Amino acid sequence: MSDSSPQAVRRQHHEDPVLNRSLVRGVEILRAFRPGADQLGNGEIAERTQLSRATVSRLTQTLVECGLLEHDRVRRTYRLATPVLSLAHAMRAGSPVLNAVAPLMRAMAEKMRINVGLATADRDEMVYLESFRFNRKVALRSVVAGQRVPMELTSLGRAYLAVVDDAQRQALLEQFRQRRSTDSRRLLEEIDAAKLSVDTKGYCAASWQPEVVAMATPLVLPDRPVYVLNVSVRTTASMSETQKQLGGPLLELREKATAALLTADG
């Protein structure tokens, strides 16, 4: 069975003679920064990336010189610098997927007063590309572009897992099994049920946060990554009732988004 863990991905990249090893390692250092880990020292970065401290020290200094990291000399830590945000803005502004799909998402969110999101996978997590938040009730959380959510727990991730190739799916499932050993059997049963739901209904549902029901459907198009659309509401209604109410509109949004993307591709 193949291994899709971050450590395995790094090993494969480092061993590929076509890739620049220093560049790959520099990217891994940038990936180490997450919300809640906005300042990291060389030791923490080394632990997160599985790189030696000497390598991390050399590369963090290089990233500071390139303007992608800032160095806090007092705390002896690093943080992401402004150009990283600029790169993210350029990506969003120039994305043909967002340009085609975001107006449809916004229209649905405003019309139905629900939350509508678009995400894709990054290793074993889902990353929001866009999110329009129109809660029927005041929600205690917000979702923004760039935010990550667990693949194995969310409707987004389970819809993604339902359509990826079998080798990738099995590698990810093994990773989830190891990470959540205490409840892995129940988790894998839920993921299998979500796949069956996507196969038969076109979408799956999950409720991994209190009183929030989310539904997701995959967008599978030639020569593109798998994208996933989702809708969510804060509600006390049952999951089955919510699916009856939102399943049709979600599939209609998928059809419109698919047509818009095919048109954009020319």
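It should be noted that the structure appears before, not after, this text.
The shown structure was predicted, so the numbers you read here are calculated from the model rather than taken from an experiment.

Q: Got a minute to help me understand helix α6 (residues 96-112) in this structure?
A: Note that an α-helix has 3.6 residues per turn; residues three or four places apart therefore point the same way. The first and last C-alpha atoms of α6 sit 25 Å apart over 17 residues, in line with the 24 Å expected at 1.5 Å per residue. A102 marks where α6 bends most, by close to 35°; the proline P103 follows one to four residues later. Along α6, the residues that are buried comprise V97, L98, A100, V101, A102, M105, M108 and A109. One or two steps after α6, the chain reaches R113, where phi turns positive at roughly 55°.

Q: Mind showing me how you'd approach the nonpolar core here?
A: One broad rule of soluble globular proteins: the nonpolar side chains tend to lie buried together. Counting residues in each nonpolar core, the largest one holds 27 residues, and the members touching the most others are V101, V116, L118, L229 and V231. Elements with a minimum of two residues in this core: α6, β3 (115-122), β4 (125-132), β7 (212-219), β8 (227-234) and α10 (239-265). With 8 residues, the single largest contributor to this core is α6. Apart from residues no more than four positions distant in its own chain, V231 is found in contact with M108, I114, N115, V116, V213, A214, M215, L246 and L250. Core analysis: the second largest hydrophobic core is formed by 24 residues, M126, Y160, L173 and A194 among them.

Q: What's the story with the sheet that holds β4 in this structure? I'm lost.
A: Strand pairing in a sheet is mediated by backbone hydrogen bonds. Such pairs are either parallel or antiparallel. Here we have 6 strands laid out as an open sheet, ordered β5-β4-β3-β8-β7-β6, and antiparallel in their pairing. The strands lining the two open edges of the sheet, one partner per strand, are β5 (148-150) and β6 (204-209). Ignoring strand direction, the axes of neighbouring strands in this sheet form an average angle of 35°. Judged from the 3 bridges that link them, β4 and β5 form a sheet pairing that is antiparallel. Within β5, the position partnered with E125 by the bridge is P150.

Q: When you look at the packing of helix α2 (residues 21-31) against helix α4 (residues 53-65) in this model, what are you seeing that I'm missing?
A: A pair of packed helices is captured by two measures, namely the crossing angle of their axes and the spacing between those axes. Contact pair α2 / α4: the axes reach a minimum separation of 10 Å and the direction vectors enclose 80°. Accordingly, the angle class assigned to the pair α2 and α4 is roughly perpendicular. On α4, the residues that touch S22, R25, G26, I29 and L30 of α2 are T55, V56, R58, L59, T60 and L63.

Rules and cut-offs
- Think of each chain on its own: its residues are numbered from 1, step by step along the sequence as written.
- With the structure being a predicted model, the display of local features is reserved for residues of pLDDT at least 70 and the display and counting of side-chain atom pairs for 80 or more, all residues being used for whole-chain, interface and lining totals.
- Note that the side-chain values use all heavy atoms of the structure and ignore hydrogens as well as water.
- In DSSP terms, a helix is any run of H or I states spanning at least four residues, a strand is any run of E spanning at least two, and both are numbered starting from the N terminus.
- Residue count minus one, scaled by 1.5 Å, sets the expected span of a helix.
- What we call the bend at a residue is the angle made by axes fitted to the seven residues finishing there and the seven residues starting there.
- Burial classes follow relative accessibility: with a 1.4 Å probe on protein chains only, a residue under 20% of its type's maximum area counts as buried, one over 50% as exposed, and anything between as partly exposed.
- Working definition of a nonpolar core: buried Ala, Val, Leu, Ile, Met, Phe, Trp, Tyr and Cys residues. They are joined through side-chain atoms within 4.5 Å.
- Contacts are assigned to residue pairs with any non-hydrogen atoms lying within 4.5 Å of each other.
- Whether two strands pair depends on DSSP finding at least two bridges between them.
- A fitted line through C-alpha atoms serves as each axis, taken over the contacting stretch for helices, and the angle formed by two N-to-C directions is quoted from 0 to 180°.
- Small angles under 35 degrees read as roughly parallel and large ones over 145 as roughly antiparallel, with 65 to 115 read as roughly perpendicular and the rest as oblique.

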